[in-house]
Amino acid sequence: MFRHFEAVAQMRRDWAGRRQQSEIPPADDAAAWFGGRLPEGWFTGDPEVTVDRDEIVVVGELPAPTGEYADDAARAAAEDGRISRFREETRDERIDIARQAEHRYQRKVAWGARIGGTKVLFTTLSAPVMTRLRQPERLVLDTLVDAGVARSRSEALAWAVRTVGEHADTWLAELREALTKVDDLRAKGPDLG
């Protein structure tokens with residue numbers, strides 16, 4: 001009997017989560033919108049636009065600095081300096097564009113720039129995520145903390161998520177594509193409301 005009530009409660013939570021998720025406007029056209037909205041000459045090509053439920057991150061490639069550099073460290077310093085200059089020179093206009101996008105898409109906007117191997121993100125959102133872990137999972141996090149990989153369980157969990165994301169790109173891309181197909185099918189279905 002208890003399992004039945006637990007299953008019903010989980011179904012209600014799942015439904016509430018889907019309903020809340022559907023209230024956020026879609027951002028399928030965000031890359032095209034930013035591509036059309038950004039001033040000419042900011043980036044060497046179209047920016048990379050990444051969207052989730054909370055945030056849109058816009059990262060563009062800047063022209064590489066010209067000149068001779070003594071070593072890779074000097075080149076990286078020049079790239080970092082070019083990115084810093086871009087950040088300062090475009091601040092007011094980026095804020096204006098971000099406000100328009102935040103109104104349109106109901107998400108925060110963060111910016112970044114890349115030159116060669118140097119990538120810098122400007123003030124990205126850090127969203128808290130609550131989770132319940134059983135002892136075996138907590139022991140994994142505690143091991144990462146004890147080994148000095150992370151300073152806290154929270155940091156260890158963030159590290160684990162980043163690591164999975166880096167090593168499972170293909171699988172995650174396929175999963176996102178499948179979810180898009182499910183959303184399309186839901187949209188075609190009957191209105192039950």
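Let me begin by describing the structure that accompanies this report. Just so we're clear, the structure is a prediction, and the values are computed from it rather than from any experiment.

1. Here's the deal with the overall build of the protein chain
- A count of helices and strands for the protein chain gives 6 helices and 4 strands.
- Here the protein chain holds 193 residues, and 22% of them are scored as buried.
- Accessible surface, the protein chain: about 14,500 Å² in total, of which carbon and sulfur atoms supply 53%.

2. Section: the packing of helix α4 (residues 135-146) against helix α5 (residues 153-167)
- The geometry of α4 relative to α5 is characterised by a closest axis approach of 9 Å and an angle of 100 degrees between their N-to-C directions. With respect to α5, the element α4 is oriented roughly perpendicular. Judged by residue contacts, R138, L141, D142, L144 and V145 of α4 engage R153, A156, L157 and W159 from α5.
- The residue inventory of the contact of α4 with α5, partitioned by class, reads 6 nonpolar, no polar and 3 charged.

3. What about the packing of helix α2 (residues 30-37) against helix α3 (residues 72-105)?
- Between α2 and α3, the least distance of the axes is 12 Å, while the angle of their chain directions is 150 degrees. Here α2 is positioned roughly antiparallel relative to α3, judged by the angle of their axes. Crossing geometry of α2 relative to α3 is assigned as right-handed. On α3, the residues that touch A30, W33, F34 and R37 of α2 are D96, I97, Q100, A101, R104 and Y105.
- Residue classes in the contact of α2 with α3 are distributed as 6 nonpolar, 1 polar and 3 charged.

4. Considerations on a nonpolar patch on the surface
- Where nonpolar side chains cluster on the molecular surface, the patch consists of W171, L175 and L179 and spans about 320 Å² of accessible area.
- Relative to the assigned elements, L179 resides in helix α6 (residues 169-188).
- Given a relative accessible area of 48%, L179 falls into the partly exposed group.

5. Digging into the pairing of strand β3 (residues 108-115)
- The element β3 is largely enclosed, with a buried count of 6 among its 8 residues.
- Where β3 and strand β4 (residues 118-122) come together, 5 bridges link them in antiparallel fashion. In the strand pairing of β4, A113 is matched with V120.
- The loop that links β3 with its antiparallel partner β4 comprises 2 residues; one of these, G116, has a positive phi angle of about 55 degrees.

6. A word on the side chain of R94
- Among the structural elements, R94 can be located in helix α3.
- One buried charge, R94, has no salt-bridge partner; the nearest side chain with opposite charge is E88, at 6.7 Å.
- Excluding its chain neighbours within four sequence positions, the residues that come into contact with R94 are W42, F86, R87, W111 and F122.

7. What to know about the nonpolar core
- Residues F34, L38, I56, V58, V109 and W111 are the most contacted members of the largest nonpolar core, which totals 22 residues.
- Secondary-structure elements contributing two or more residues to this core are α2, β2 (55-61), α3 and β3.
- Sort the elements by how many residues they give to this core and α3 lands first, with 6 residues.
- If we ignore the near neighbours within four places in the chain, the residues touching W111 are F34, L38, W42, V58, R94, I97, A98, V120, L121 and F122.

8. Notes on the side chain of E55
- Note on placement: E55 falls in strand β2.
- Summary of buried charges: E55 has no salt-bridge partner, and the nearest side chain of opposite charge, K108, is 9.7 Å away.
- A polar contact of 2.7 Å, which involves the side chain of E55, links it to the backbone nitrogen of L125.
- Ignoring sequence-local partners within four residues, the contact set of E55 consists of T50, R107, K108, A110, T124 and L125.

Reading the values: the criteria
- Throughout, residues of each chain are indexed from 1 in the direction in which the sequence is written.
- Since the coordinates come from a predicted model, pLDDT governs what is reported: local features require at least 70, and pairs of side-chain atoms require 80 or more to be given and counted, while whole-chain, interface and lining totals use all residues.
- Think of the side-chain values as coming from all heavy atoms in the structure, minus any hydrogens and water.
- Comment: elements are numbered from the N terminus, with helices defined as DSSP H or I runs of at least four residues and strands as E runs of at least two.
- When a residue's accessible area, from a 1.4 Å probe over protein chains only, is under 20% of the maximum for its type it is buried; when over 50% it is exposed; and in between it is partly exposed.
- The accessible surface values rely on the Shrake-Rupley method and a 1.4 Å probe; as for residues, cover is taken only from the protein chains in view.
- To obtain each axis, a line is fitted to C-alpha atoms, and for helices this fit is confined to the stretch in contact; angles are then taken between N-to-C directions over 0 to 180 degrees.
- Oblique is the label for any angle not covered by the other classes, which are roughly parallel (under 35 degrees), roughly antiparallel (over 145) and roughly perpendicular (65 to 115).
- We call two residues in contact when some of their heavy atoms are within 4.5 Å.
- Classes in brief: Ala, Val, Leu, Ile, Met, Phe, Trp, Tyr, Cys and Pro nonpolar; Asp, Glu, Lys and Arg charged; the others, Gly included, polar.
- Handedness of each helix crossing follows the sense of rotation of the near helix against the far helix: counterclockwise by less than a right angle gives left-handed, clockwise gives right-handed.
- Candidates for patches are residues over 30% relative accessible area with no salt bridge; among them, like charges are joined within 9 Å and nonpolar side chains (Val, Leu, Ile, Met, Phe, Trp, Tyr) within 5 Å.
- Any Lys or Arg side-chain nitrogen found within 4 Å of a carboxyl oxygen on Asp or Glu counts as a salt bridge.
- A pair of strands is considered paired only if DSSP assigns at least 2 bridges between the two.
- When charges are counted, Lys and Arg contribute as positive and Asp and Glu as negative, whereas His and the chain ends are disregarded.
- Throughout, nonpolar core names a set of buried Ala, Val, Leu, Ile, Met, Phe, Trp, Tyr and Cys residues whose side chains join them through atoms within 4.5 Å.
- Under this definition, polar contacts are N or O atom pairs within 3.5 Å; protein pairs additionally need one hydrogen-donor-capable and one acceptor-capable atom, and for neighbouring residues in sequence, both atoms have to be side-chain atoms.

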